[in-house]
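Structure at a glance
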Amino acid sequence: DRDVTGVQTCALPILTIDGNKDVTVTFTQINYTVTGAVSPANAGTVTGGTTTAHLGDQVTLHQTPNSGYSFIFWTDPALTCTGTGDCVVTVTGNMTVTANYAAIPNYSLTVAANPTAGGTVTGGGSFPAGSTATFGQAALPGYQFSSWTITPSAPFQCTVNPNGSDSCTIVMNQAYTVTANFVLA
């Protein structure tokens, strides 16, 4: 009798059959790891990776961007994941699936009054691209509001309040300077 216990990775053991023999072969399914990664680091999270996947299993990974980032695309060994939804991969071995993100730029909204003694302007600051910023004006005594100047030119919406001030919004697709123009009353 010959003991062939152990893992045989390269070749099968050679047995000489010189009579009736009992042969037992034990197979163990190999566990593979599907790892979720993020690029750049700290831009988001990936959940759903597992350490007990087997050849042919399907594993679903889900991505969530952190604040200030947007999801761009998946990178997986088989190039099967497209779009911005979950990534479903078929296990072919140990694999890493990466969620790729891009930083969302911030744009500044600069506010000013013309003349500066004519009134106050609110709402300046830094805003993420695509977000809506709010700005407004209030004339000081002896002045009245005349018009808005936005540089570069862009569409905006305003609501006039009963006291003559107003509240406006603009979508921040780039940096803007907003000037409230006042005239003597």
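Details of the structure are given in the entry above.
In short, a report on the structure. (Residues numbered from 1 in each chain as written. Predicted model: local features only at pLDDT ≥ 70, side-chain atom pairs only at ≥ 80, totals over all residues. Heavy atoms only, no water.)

Before going further, it helps to spend a moment on the packing of aromatic side chains. For the structure shown, the criterion picks out 6 aromatic pairs. Geometrically, the ring pair formed by Phe71 and Tyr101 is edge-to-face, given 5.7 Å between the ring centres and 75° between the ring planes. Pair noted here: Phe71 is in strand β5 (residues 69–75) and Tyr101 is in strand β7 (residues 95–103), with a separation of 30 residues, a long-range link. Tyr101 sits in the buried class, given a relative accessible area of 7%. When the centroid spacing of 5.3 Å and the interplanar angle of 55° are considered together, the rings of Phe145 and Trp148 count as tilted. For Phe145, a relative accessible area of 25% corresponds to the partly exposed category. Owing to a relative accessible area of 14%, Trp148 belongs among the buried residues under this scheme. Cluster of aromatic residues (ring-pair linked, three or more members): Phe135, Phe145, Trp148, Phe156 and Phe182. (Phe/Tyr/Trp six-rings, centres within 6.5 Å; stacked < 30°, edge-to-face > 60°. Helix = DSSP H or I, 4+ residues; strand = E, 2+ residues; numbered from the N terminus. Buried < 20%, exposed > 50% of the residue type's maximum accessible area, 1.4 Å probe, protein only.)

Next up on the list: the state of the cysteines. For the coordinates displayed, the defined rule picks out 2 disulfides. With its sulfur 1.7 Å from that of its partner, Cys81 forms a disulfide with Cys87. Handedness of the Cys81-Cys87 disulfide follows from its S-S torsion of about 70°: it is right-handed. Both residues of the pair, Cys81 and Cys87, belong to the buried class. The residue that forms a disulfide with Cys158 is Cys168, at a sulfur-sulfur distance of 2.0 Å. Between Cys158 and Cys168 the sulfur-sulfur dihedral comes to about 105°; the bridge is accordingly right-handed. Note that Cys158 is positioned in strand β13 (residues 157–160) and Cys168 in strand β14 (residues 166–171), a separation of 10 residues in sequence. In the chain, the bonded cysteines, numbered by position in the sequence, are linked as 1-2, 3-4. (Disulfide = S-S within 2.5 Å.)

So, on to the environment of Gln58. Topologically, Gln58 is positioned in strand β4 (residues 58–65). Taking C-alpha positions, Gln58 is 9.7 Å from Thr92, a pair spaced 34 residues apart along the chain. The residues touching Gln58, leaving out its near neighbours within four places in the chain, are Val88, Val89 and Thr90. (Contact = heavy atoms within 4.5 Å.)

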